[in-house]
Amino acid sequence: MVVPKERSGRDRRVFVMLAFVALLANWTASSLAAESSASPAAAALGSASRDVTKVLIDAYPATVRAGADNEHIVVNGRVLPLSDGKEWPTYQERLDHADLIDQLSQAYPAGCPAEVPSGGEIPQEPGRLRDEAFFKAMYGESAAVVQGTLVSVAWFGSTMHVTNVNGVAKHLVAVRDDLAQHPEWLKYLTNPGGSFFWRTIEGTKRLSGHSFGIAVDINTKYSDYWRWSKGGYKNRIPCELAAIFERHGFIWGAKWSHFDTMHFEYRPELLRG
Ligand SMILES: [Zn+2]
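Computed from a prediction, not measured in an experiment: that's the story for all the values here.

1. As for the overall build of the protein chain
In terms of helices and strands, the protein chain carries nine helices and nine strands. Looking at the 273 residues of the protein chain, the share that counts as buried comes to 31%. Across the protein chain, the fraction of contacts at a sequence separation of at least 24, relative to all contacts at a separation of at least 6, is 60%.

2. Describing the environment of L104
Mapped onto the elements of the fold, L104 is located in the loop between α4 (100–103) and α5 (132–139). Sequence separation between L104 and G127 is 23 residues; the distance between their C-alpha atoms is 8.0 Å. Leaving out residues up to four positions away in the same chain, L104 has contacts with V52, V55 and E269.

3. With respect to the sheet that holds strand β3 (residues 78–81)
Spatial strand order, β1-β2-β3: three strands in an open sheet with antiparallel pairing. Each end of this open sheet is capped by a strand with a single partner; those strands are β1 (64–66) and β3. Sheet twist, expressed as the average angle between the axes of neighbouring strands with direction ignored, equals 35°. The pairing of strand β2 (residues 72–75) with β3 spans four bridges and is antiparallel. Its bridge partner being in β3, H72 is matched across the sheet by P81. In this fold α5 packs onto β2 and β3, with an angle of close to 165° to the strand it touches most, β3.

4. A look at α5
By the burial criterion, the buried members of α5 are F134, K136, A137, M138 and Y139. Tucked inside the fold, the buried residues of α5 contact β2, β3, α4, α6 (143–147) and β5 (158–163). Just past α5, the residue G140 takes up positive phi, approximately 140°.

5. As for the sheet that holds strand β8 (residues 250–252)
Here four strands make up an open sheet; going across it, the order is β6-β7-β9-β8 and the pairing antiparallel. A strand with exactly one partner marks an edge of an open sheet, and here the two such strands are β6 (192–194) and β8. Pairs of neighbouring strands in the sheet enclose a mean axial angle of 30°, with direction left out of account. Where β8 and strand β9 (residues 263–266) come together, three bridges link them in antiparallel fashion. Note on β9: the bridge partner recorded for F250 is Y266. Contacts from helix α9 (residues 239–247) reach β8 and β9 within the one sheet, and its direction differs from that of β8 by about 145°.

6. Some thoughts on helix α7 (residues 168–179)
Between its first and last C-alpha, α7 extends 16 Å over twelve residues, near the 16 Å set by a 1.5 Å rise per residue. Of all the positions in α7, only V168, A169, H171, L172 and V175 are classed as buried. When α7 is viewed along its axis, its buried side chains cluster within an angular range of 160° and face the same direction. In this fold, the buried residues of α7 make contact with β4 (150–155), β5, β7 (215–219), α9, β8 and β9.

7. A short note on the nonpolar core
V162 and L172 are the most contacted members of the largest nonpolar core, which totals 47 residues. Excluding its chain neighbours within four sequence positions, the residues that come into contact with V162 are L150, V151, V153, V168, A169, L172, S195, F196, G213, I214 and V216.

8. Describing the packing of α7 against α9
Contact geometry for α7 and α9: axes closest at 9 Å, N-to-C directions at 145°. Between α7 and α9 the crossing geometry is right-handed. Along the contact surface, α7 presents V175, D178 and L179, while α9 presents L241, I244 and F245. Along the lines of polarity and charge, the residues of the contact of α7 with α9 split into five nonpolar, no polar and one charged.

9. Side note on the pairing of β9
On β9, burial covers both faces: H263 and E265 on one face and F264 and Y266 on the other are all buried. Relative to β9, β7 runs antiparallel, the two being bridged by three bridges. Counted as the bridge partner of A215 is E265 from β9.

10. A few points about unusual backbone geometry
With omega at -5°, the peptide bond leading from C112 into P113 counts as cis. For P113, the location among the structural elements is in the loop between α4 and α5. Positive phi outside glycine occurs at N166, with the angle close to 60°. Assignment of secondary structure puts N166 in the loop between β5 and α7.

11. Digging into the environment of F259
Along the chain, F259 falls in the loop between β8 and β9. With 24 C-beta atoms packed within 10 Å, F259 lands in the buried category. Along the chain, F259 and D224 lie 35 residues apart, while their C-alpha atoms are 7.4 Å from each other. In contact with F259, not counting residues within four places along its chain, are D224, W226, Y233, N235, G253 and A254.

Conventions we followed
Residues numbered from 1 in each chain as written. Predicted model: local features only at pLDDT ≥ 70, side-chain atom pairs only at ≥ 80, totals over all residues. Helix = DSSP H or I, 4+ residues; strand = E, 2+ residues; numbered from the N terminus. Buried ≥ 20, exposed ≤ 12 C-beta atoms within 10 Å, placed from the backbone. Contact = placed C-beta atoms within 7 Å. Pairing = 2+ DSSP bridges. Axes fitted to C-alpha atoms, helices over the stretch in contact; angles between N-to-C directions. Expected span 1.5 Å × (residues − 1). Arc of directions from axis to C-beta. Core = buried A, V, L, I, M, F, W, Y, C linked by C-beta atoms within 7 Å. Left-handed = near helix turned anticlockwise from the far one by under 90°. Nonpolar A, V, L, I, M, F, W, Y, C, P; charged D, E, K, R; others polar.

Purely geometric stuff here, so don't read any function into it on its own.
So this is what it looks like as structure tokens:
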């Protein structure tokens, strides 16, 4: 057994050396490519960064401004990176560690009719990817800080508590006043499921949009949620009702593969353009 062992040791050394040479050749080639003006990957990343910065400034003019370079933005005076520089191998990991590029990586399908979101390998659920550092910088690092920004909004015989940062409370009042023109929808709006609540999303370590005072749940009686629902996608809330929320900057959880049909969340960055 000694001979094969030695041979296999030598083979391994040869292999390692060949692999090193191949790696060196590859590195030299890619360095040369990067040095020439043709570096499409870098250019694409640069333009994605600029697009994300512009979308965020347009959506949150009161709280977001451009950073000193294309890689960062400033939220309430705090410098945040657009990207974590990591390539997470699975969608679940991206969801758990979303950065701002991820947050804007899926287009939100505003308007009606609402199509059933595709539930393939990469679920379609724009808005579920949240860069938690961004929301903490914008709305508050803790329950106490967010609580200090909350405003009570009368809501069809109940009260919603949402933040006044970014004018969220004002936008919710506009939603309510438009919805009040539709008595036929009253049953979906009374007895709401809730609004501000500092908590993680069920079964995860990620903070819910409710933690930041930007989310409301309408009547749970007509709600469907992917964790409870048997037999796949289901929605009983009229799309036209949700379209009113969308017009004022709130996205709808019924447009997610992992659906949550009573959930509306102020996310104007997904509703522009
Ligand atoms: Zn909710």
